[in-house]
Amino acid sequence: MMSKITQSVLVAALAASVAWVVPTSSVSAQDIQITGPLAGAPAVRRLRQHRVGRVQLVVPTVGFTLQDEFSRSMIVGLGAHVHFTDFLGVGIWGGAANFANAFQINTDLTSQVMVNGQTTDRNRLSMPSNEGFDDQVGRLLGLASAHLIFAPLRGKLALFQGAFVDTDFWILAGFAAAFVEERADVGDGSVCAGTTSSAACLATQSGADARQVRFAPAPMIGVGLNLYFNEFLGLSLQWRAFPFDMNSAGTDESGRDANGNPGAGFPDGVIDSQDQRFYFNHMMNIGLIINLPPEMEVSD
Amino acid sequence: MLAMTIGLVLGTGTVAAAQDADMDFGAGGDEGGGDADMDFGAGGDEGGGGDADMDFGDGGDTGGDAGGDDGGGDIIGDLAGAEPEIDDPGGDRPARTSEAREEIFAVQQIYALRINRVELTPSAAFSLNDPFVSHNALSLGLNYWWTNVLAIGVNFLWYEGLEQESDLNFFTRRSTRLAVPVSAYQFGAHLGFTYVPIYGKFSMFNEFIFQWDSYIVGGVGIMRTRPVPVVDPEVRNFDYDIRVAFNLGIGLRVFVSRWLAVFGEIRNYMYLEQLEALDVALGDDRFQQDTWTQDSPAFTSNVSVHLGLTIFLPIDFEYNLPR
């Protein structure tokens, strides 16, 4: 099968050869004529363009974060995309994690720490008590993003050789704002000195001021597959990643030695941003697509 | 006419069955300024009742290829659109020196037949669900397709030397005094069935066509694993042992050619793992191996992402039925 590229190159090469051999005055475009009804035809005709000139609402999106260490997040959100062409658009998306932390989902690791974790003089600031460990773990509150969306592939799929749906594959890149609730900074770790956890020490874990909300900017990338059941409704399957630093355990991890090198001076007796570690946060989403206006364009 | 002569020479089947309609779009003559003759000759012989044969010349199979890149065209519209160009008087233009012809067919063939072909699937696998250890592996699969949608096969994964333990266990041990038992894998070998319920094609920029399909895979096999001593590493040492494992997954395959494709797959390998005991026995019992592991095995699932290539053998194949 000769692809269009090969065909074009061949035609160009032949045309160049003819132009070189034949005097200019007698050159004619009819020297090479590709016959047949498909000559010069685009790969697809009457393409159903679900995106161009439309607003694509994705309401709601429901998703779960993946590879969580201490807390999981179920994120319910909504998104909107506007497309300049059928393959390029801009969009916004936002979601609340666990309905803005109305409930918490602990990982098995957190549950194990709450049961089997041990507080000693060495780690008292990191974990004033094992039973209250879930009060100090970092949790996602919500996410918002603005992004470019690029849909290079569109087509259709057959399901069990019976149902056919239009489909496109897209990627996105943009910026996200993550809102994280973490253990509040503890500037003076001496409150947790001693052989038992004092009330002041326990208050840094479970007290009224033991939590703080932080805004964390992050890049966001994602890929997805949209399935269109008709011109109006569809289903979106998405994977999104939004890496940023956080202190997911609420523990004292940082420390510097006499030379200022990190880690060697652990623990440094302070809980602050230095204790954050890099996390490649990512999630899976599924969403209902509503395209507006309901009618789509069909290409020539 | 010269066009008819060319058509006969090129064997464009002017003898047709009853109700067959042969359309010959052979190249027009040169002296006529590019006129095209259309031959709707109908004959009657062996009676292929009701068939409609449209022959656009004997050129390559470019247009009619099951790649489907041209199949969506409006044939009548094309014919109508081509008319003015063909009728262009241009009496003084020189004779054409070459031409290309295309064929289109009413029903497109499956782009890449799988039936009775063997599929080799080298891939790299990465863990998706374990924050403690990333069970990376190199994998090779071998499938035999006994229909176009159903295959039986085996896949082999080699983990040892490729796994990576994250810092999480270290930080958790240091900050909470809790050791989390983890496992190391050596290899896995699995028998599986693959079924393709979903297939389709993608257009890229209205220029290129990619065939793709989605499949589910599942089966049973073995994994050779061992606990990694983290609670009492000074004393405990574990050997690899065989576990029975089940696997289930979904995948996406995008064809680059009729024998080569790229694929991505999410597959969950589930088995019962014997984990290290969290308690350390006192005295001489500490050295008794039966105290090193937990009393009951733990259900473990390793969700892996496979990214790799699919190579169909033999590279060439023949369709059973003509176009």
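Refer to the structure printed above.
A brief report on the enclosed structure follows. (Residues numbered from 1 in each chain as written. Chains lettered and ligands numbered in written order. Predicted model: local features only at pLDDT ≥ 70, side-chain atom pairs only at ≥ 80, totals over all residues. Heavy atoms only, no water.)

1. Focus on the overall build of chain A
Operational definition: Labels follow the DSSP assignment, with helices taken as runs of H or I lasting at least four residues and strands as runs of E lasting at least two, numbered in each case from the N terminus. Three exposure classes are used, based on accessible area relative to the maximum for each residue type with a 1.4 Å probe and protein chains only: buried under 20%, partly exposed in between, and exposed over 50%. Any two residues whose heavy atoms approach within 4.5 Å are treated as being in contact. Here the accessible surface of atoms and residues is derived via Shrake-Rupley with a 1.4 Å probe, and residues count as covered only by protein chains that are part of the display.
In terms of helices and strands, chain A carries 4 helices and 15 strands. Looking at the 300 residues of chain A, the share that counts as buried comes to 46%. Put simply, of all contacts in chain A between residues at least 6 apart along the chain, 72% involve residues at least 24 apart. Summing over all exposed atoms, chain A offers an accessible surface of approximately 13700 Å²; the carbon and sulfur share of this is 65%.

2. Regarding the overall build of chain B
Across its full length, chain B holds 3 helices and 11 strands. In chain B, the succession of α and β elements from N to C terminus is α-α-β-β-β-β-β-β-α-β-β-β-β-β. When the 323 residues of chain B are sorted by exposure, 43% land in the buried category. If you take every contact in chain B between residues at least 6 apart in sequence, the share linking residues at least 24 apart comes to 71%.

3. As for the state of the cysteines
All names here are of chain A. The criterion, for reference: When two cysteine sulfur atoms lie within 2.5 Å, the pair is treated as a disulfide.
According to the stated counting rule, one finds 1 disulfide over all chains in the structure shown. The disulfide that involves Cys-192 links it to Cys-201, with 2.0 Å between the sulfurs. The sign of the 100° torsion about the S-S bond sets the Cys-192-Cys-201 disulfide as right-handed. Neither Cys-192 nor Cys-201 differs from the other in exposure class; each is buried.

4. As for the nonpolar core
Test applied: Buried Ala, Val, Leu, Ile, Met, Phe, Trp, Tyr and Cys residues that are joined via side-chain atoms within 4.5 Å together make up what is termed a nonpolar core.
Ranked by internal contacts, the top residues of the largest apolar core, which has 20 residues, are Ile-75, Leu-140, Leu-143, Ala-178, Val-180, Phe-242 and Phe-244 of chain A. Per element, the largest residue contribution to this core is 5 residues, and it comes from strand β9 (residues 163-183) of chain A. Excluding residues that lie within four positions of it along the chain, Leu-140 of chain A makes contacts with Thr-65, Ser-73, Ile-75, Ala-97, Asn-101, Ala-178, Phe-179, Val-180, Phe-242 and Phe-244 of chain A. One finds Val-113, Phe-133 and Ala-249 of chain A together with Val-228 of chain B within the second-largest nonpolar core, a separate group that totals 18 residues.

5. Describing a nonpolar patch on the surface
Let me state the cut-off plainly: Exposure above 30% relative accessible area and no salt bridge define the residues that can form patches, which grow by joining like charges within 9 Å and nonpolar side chains of Val, Leu, Ile, Met, Phe, Trp and Tyr within 5 Å. Criterion for a salt bridge: a side-chain nitrogen of Lys or Arg within 4 Å of a carboxyl oxygen of Asp or Glu.
Together, Val-55, Val-82, Phe-84, Phe-87, Leu-88, Val-90, Leu-148, Phe-232 and Leu-292 of chain A together with Phe-205 of chain B line one region of the surface with nonpolar side chains, adding up to about 800 Å² of accessible area. With respect to the helices and strands, Val-90 of chain A occurs in strand β6 (residues 88-97).

6. Some remarks on helix α4 (residues 199-206) of chain A
Residue and element names in this part refer to chain A. Filter applied, for reference: By definition, the arc is the one covered by directions from the helix axis to the C-beta atoms.
Cys-201, Thr-204 and Gln-205 are the residues of α4 that are buried. Buried residues of α4, viewed axially, fall in a sector of 95°; they line one side. Against β9 lie the buried residues of α4.

7. Quick look at helix α3 (residues 108-116) of chain A
Those residues of α3 of chain A not exposed but buried are Leu-109, Thr-110 and Val-113 of chain A. Buried residues of α3 of chain A, viewed axially, fall in a sector of 100°; they line one side. In α3 of chain A, the exposed positions that point more than 90 degrees away from the buried face belong to Asp-108 and Val-115 of chain A. Turning to α3 of chain A, the residues buried within the fold contact β7 (105-106) of chain A together with α3 (168-176) of chain B.

8. Concerning unusual backbone geometry
Residue and element names in this part refer to chain A. Going from Val-59 to Pro-60, the amide bond is cis rather than trans, its omega being -10°. With omega at -5°, the peptide bond leading from Leu-292 into Pro-293 counts as cis. Locating Pro-293 in the fold gives a position in the loop between β14 (282-292) and β15 (297-298). Within the chain, Phe-99 stands out as a residue other than glycine whose phi angle is a positive 50°. For Phe-99, the location among the structural elements is in helix α2 (residues 98-101). The backbone phi angle of Asn-101 is positive, close to 65°, even though this residue is not glycine. Summarising the element assignment, Asn-101 is placed in helix α2.

9. What about the pattern of salt bridges?
Within this structure, the stated rule accounts for 18 salt bridges over all chains. The partner of Asp-168 of chain A in a salt bridge is Arg-51 of chain A, with the nearest N and O atoms 2.9 Å apart. Of the two residues, Asp-168 of chain A is situated in strand β9 and Arg-51 of chain A in the loop between β2 (48-49) and β3 (55-66); the sequence distance between them amounts to 117 residues. Arg-51 of chain A shares its class with Asp-168 of chain A; the two are buried. Across the pair Arg-243 of chain B and Asp-241 of chain B runs a salt bridge, and its minimum N-O distance is 3.9 Å.

10. With respect to the packing of aromatic side chains
The condition is simple: Think of it this way: a Phe, Tyr or Trp ring, Trp meaning its six-membered ring, pairs with another when their centres are within 6.5 Å, and the plane angle makes it stacked under 30 degrees, edge-to-face over 60, tilted otherwise. In our convention, an over-ring charge means Lys NZ or Arg CZ found within 6 Å of a ring centre and within 35 degrees of that ring's normal.
Within this structure, the stated rule accounts for 15 aromatic pairs over all chains. Seen from their ring centres, Phe-99 of chain A and Phe-103 of chain A are 6.1 Å apart, and the 50° between their planes marks the pair as tilted. Considering the side-chain rings of Tyr-159 of chain B and Tyr-185 of chain B, the 5.0 Å spacing of their centres and the 80° angle between planes classify their relative orientation as edge-to-face. Linking Tyr-159 of chain B in the loop between β5 (150-158) and β6 (164-165) with Tyr-185 of chain B in strand β7 (residues 182-204), this pair joins segments that are 26 residues apart in sequence. No difference in accessibility class separates Tyr-159 of chain B from Tyr-185 of chain B, as the two residues are buried. Directly above the aromatic system of Trp-145 of chain B lies the positively charged group of Arg-114 of chain B, at a separation of 5.2 Å from the ring centroid.

11. Focus on the environment of Arg-173 of chain B
Residues and elements named next belong to chain B. With respect to the secondary-structure elements, Arg-173 resides in helix α3. Arg-173 sits in the partly exposed class, given a relative accessible area of 28%. The contacts of Arg-173, once residues within four sequence positions are left out, are Leu-178, Ala-179 and Val-230.

12. Points about the environment of Glu-119 of chain B
All names here are of chain B. Which entries qualify depends on this criterion: Nitrogen and oxygen atoms within 3.5 Å of one another constitute a polar contact, given that in protein one can donate a hydrogen and the other can accept it, and given that sequence-neighbouring residues count only through two side-chain atoms.
In this structure, Glu-119 sits in strand β2 (residues 118-127). Residue Glu-119 is classed as buried on the basis of its relative accessible area, which comes to 1%. The spacing of Glu-119 and Leu-309 is 190 residues in sequence and 9.8 Å in space, taken between C-alpha atoms. Not counting residues within four places of it along the chain, the set of residues in contact with Glu-119 comprises Gly-141, Leu-142, Asn-143, Trp-145, Arg-253, Thr-310, Ile-311 and Phe-312. Of note is the side chain of Glu-119, whose polar atom sits 3.0 Å from the side chain of Arg-253.

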